[in-house]
Amino acid sequence: MPILLPVASTLFHSFWIEASMLALAVVVGAQALRHGYRVHGFRLPAIGFVLGFALVSFGNWGFGADHLSHPMALPLLMIGGVFIVAAHVSNFVLERRWIRTGHHHD
């Protein structure tokens, strides 16, 4: 999803497609990170996730209708995507570490 959103923004230039994809990504991503935050208190992945979506949102809509002509739009989209991917990877690693050390609920 973090890769698909900038690509769709570049190809389709549709507010509704971009907004729908972003909303779907927020719902799916929040659900995926919810367990790590609520059960284990993993804050870093949640912070990275929120920061990533803020950057993607600003890159998409912060520069007006012709946002891709602005030199900062694409870098913000890409950096935001990296933050989102890093949030999911760090959440996964922390979950595996938690399970491996025996801190899991059976």
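Just so you know, these numbers come straight off a predicted model, no measurement behind them. (Residues numbered from 1 in each chain as written. Predicted model: local features only at pLDDT ≥ 70, side-chain atom pairs only at ≥ 80, totals over all residues. Heavy atoms only, no water.)

A. View of the overall build of the chain. Across its full length, the chain carries four helices and zero strands. Within the chain, buried positions represent 32% of all 106 residues. Long-range pairs, those at least 24 residues apart, make up 65% of the contacts in the chain between residues at least 6 apart in sequence. (Helix = DSSP H or I, 4+ residues; strand = E, 2+ residues; numbered from the N terminus. Buried < 20%, exposed > 50% of the residue type's maximum accessible area, 1.4 Å probe, protein only. Contact = heavy atoms within 4.5 Å.)

B. Expanded view of the side chain of E95. Structurally, E95 can be placed in helix α4 (residues 73-100). No salt bridge is formed by the buried E95, whose closest oppositely charged neighbour, R96, lies at an N-O distance of 5.3 Å. (Lys, Arg positive; Asp, Glu negative; His and termini not counted. Salt bridge = Lys/Arg side-chain N within 4 Å of Asp/Glu carboxyl O.)

C. Looking closely at the packing of helix α2 (residues 15-40) against α4. With their axes 10 Å apart at the nearest point, α2 and α4 run at an angle of 40° to one another. With respect to their mutual orientation, α2 and α4 come out oblique. α2 and α4 meet at a crossing whose hand is left-handed. Here G29, A32, L33, H35, G36 and H40 of α2 lie close against α4, whose contacting residues are A87, H88, N91, E95 and W98. Here the contact of α2 with α4 is built from residues that sort into four nonpolar, six polar and one charged. (Axes fitted to C-alpha atoms, helices over the stretch in contact; angles between N-to-C directions. Parallel < 35°, antiparallel > 145°, perpendicular 65-115°, else oblique. Left-handed = near helix turned anticlockwise from the far one by under 90°. Nonpolar A, V, L, I, M, F, W, Y, C, P; charged D, E, K, R; others polar.)

D. A look at the confidence of the model for the chain. On average, residues of the chain score 79 in pLDDT, and 81% of them are at 70 or above. For the chain, the element scoring lowest by mean pLDDT is helix α1 (residues 4-12), at 62; helix α3 (residues 43-61) scores highest, at 89. (pLDDT = per-residue confidence, 0-100.)

E. Quick look at the environment of W61. Relative to the elements of secondary structure, W61 occurs in helix α3. For W61 and A19, which are 42 residues apart along the polypeptide, the C-alpha to C-alpha distance reads 9.7 Å. When neighbours within four sequence positions are excluded, W61 is seen to be in contact with F15, E18, A19 and L22.

F. Quick peek at the nonpolar core. L22, A25, L33, F49, F53, V56, L77, I84 and A87 form the largest nonpolar core, which has nine residues in total. Every element with two or more residues in this core is listed here: α2, α3 and α4. Residue contacts for F49: discarding those within four places in its chain leaves A25, V26, G29, A30, L33, I84, A87 and H88. (Core = buried A, V, L, I, M, F, W, Y, C linked by side-chain atoms within 4.5 Å.)

G. Region of interest: a nonpolar patch on the surface. On the surface, a cluster of nonpolar side chains totalling about 330 Å² of accessible area is made up of V85, V89, F92 and V93. Its relative accessible area of 48% is what places V89 among the partly exposed residues. (Patch = residues over 30% accessible without salt bridge, like charges linked within 9 Å, V, L, I, M, F, W, Y side chains within 5 Å. Areas by Shrake-Rupley, 256 points an atom, 1.4 Å probe, with all protein chains shown as cover.)

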